[in-house]
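Next come the chains, spelled out residue by residue.
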Amino acid sequence: MAEYNNGLVTTDMVVKEGISRSSLQYLVQQGNLERASRGVYTLPEVWEDEFVVLQNRYKRGIYSLDTVLYLTDLTDRTPIRFNMTFPYGYNLTNPKADGILCRGIRSSLYDIGISALVTPSGNTVRGYSVERTLCDILQPRYHTDIQVIIEAFKRYTKRTEKNIPLLSEFAKLLKVEDKVRSYLEVLL
């Protein structure tokens, strides 16, 4: 199972397949698996994928902002700390203690634009879509560097798989229509 999943297996995956949790403990004791974190195990020769580990630990967390720009190749800057978005009311004490840059968002906007992203290790995590992220980085409260914004929009407009109608829809929902329009008018 771990070999099929880029060297990674979670307790949830094992339980869904009808395998007992104690089998994981046994495999760790035998040296066939290593415990990366609570509920996440890797093959001994595989590097730990921190993106997967953190999302498994904080299941309500969705990768956002600079982290999504990195995962979708809209920036060259490797994030020093990961950005995750949580619904309002979620206790952010532990994620902050783990060094995650957390933001809370109201429930009506939390689920909008979630997509599957691929980590550098080839694993899949949940993050906001490129279009949602481009709108988010334009929000003044996130203080995104103007150079990062310009580079992200340049790279996005050069893509063949861009979705301008979806970008416009998110811009309207997130109240950044004028800003998105000004970037697109210059770059398209």
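As the structure is a computational prediction, the values presented were derived from the model and not from experiment. (Residues numbered from 1 in each chain as written. Predicted model: local features only at pLDDT ≥ 70, side-chain atom pairs only at ≥ 80, totals over all residues. Heavy atoms only, no water.)

Asks: Got a minute to help me understand the packing of aromatic side chains in this structure?
Replies: Evaluation of the coordinates by the stated rule reveals six aromatic pairs. With centroids separated by 6.4 Å and ring planes inclined at 10 degrees, the aromatic side chains of Phe51 and Tyr70 adopt a geometry described as stacked. Of this pair, Phe51 sits in helix H3 (residues 50-57) while Tyr70 sits in helix H4 (residues 65-71), and the two are 19 residues apart along the sequence. For Phe51, a relative accessible area of 8% puts it in the buried group. Between Phe153 and Tyr183, the aromatic rings sit 4.8 Å apart at their centres with planes inclined by 15 degrees, giving stacked as the arrangement. (Phe/Tyr/Trp six-rings, centres within 6.5 Å; stacked < 30°, edge-to-face > 60°. Helix = DSSP H or I, 4+ residues; strand = E, 2+ residues; numbered from the N terminus. Buried < 20%, exposed > 50% of the residue type's maximum accessible area, 1.4 Å probe, protein only.)

Asks: Where do I start with the layout of surface pockets in this structure?
Replies: Taking a probe equal in size to a water molecule and rolling it over the atoms shows the remaining empty space. Taken as a whole, the largest pocket holds about 370 Å³ of empty space. Forming the walls of the largest pocket are 14 residues, and the residues nearest its centre are Thr10, Val52, Gln55, Asn56 and Thr124. For the lining of the largest pocket, the elements supplying multiple residues, two or more each, are strand E1 (8-10), helix H1 (11-16), H3 and strand E8 (124-128). Of the residues that constitute the lining of the largest pocket, the class distribution is four nonpolar, six polar and four charged. (1 Å grid on protein atoms, 1.4 Å probe; cavity = no way out; pocket = protein on both sides within 12 Å on 5 of 7 lines; lining within 4 Å. Points joined across faces, edges and corners; volume = space filled by probe spheres on them. Nonpolar A, V, L, I, M, F, W, Y, C, P; charged D, E, K, R; others polar.)

Asks: Looking at this structure, how should I read the side chain of Thr144?
Replies: Along the chain, Thr144 falls in the loop between helix H7 (130-136) and helix H8 (146-158). Separated by 3.4 Å, the side chain of Thr144 and the backbone oxygen of Ile137 make a polar contact. Setting aside its immediate chain neighbours within four residues, Thr144 contacts Asp66, Ile137 and Ile149. (Polar contact = N/O pair within 3.5 Å; in protein donor to acceptor, adjacent residues only side chain to side chain. Contact = heavy atoms within 4.5 Å.)

Asks: Where do I start with the nonpolar core in this structure?
Replies: Most often, soluble globular proteins keep nonpolar side chains buried together rather than apart. By size, the foremost hydrophobic cluster in this structure holds 27 residues, and its most contacted members are Leu134, Cys135, Phe153, Leu167 and Val180. Of all the elements in the fold, those that place two or more residues in this core are H4, helix H6 (107-110), H7, H8, helix H9 (164-173) and helix H10 (177-187). With five residues, the top contributor of residues to this core is H8. Sequence-distant contacts of Leu167, that is, excluding residues within four places in its chain, are made with Glu131, Leu134, Cys135, Phe153, Tyr156, Val180 and Leu184. Ranked by size, the runner-up nonpolar core spans 18 residues in total, among them Val52, Tyr58, Leu117 and Val125. (Core = buried A, V, L, I, M, F, W, Y, C linked by side-chain atoms within 4.5 Å.)

Asks: How should H8 be read in this particular structure?
Replies: One turn of the α-helix equals 3.6 residues, which is why residues spaced by three or four share an orientation. Counted at 1.5 Å a residue, the expected span for H8 with its 13 residues is 18 Å, and the 19 Å between its end C-alpha atoms agrees. Considered for burial, the residues of H8 that qualify are Val148, Ile149, Ala152, Phe153, Arg155, Tyr156 and Thr157. Next to the buried residues of H8 lie H4, H7, H9 and H10. (Expected span 1.5 Å × (residues − 1).)

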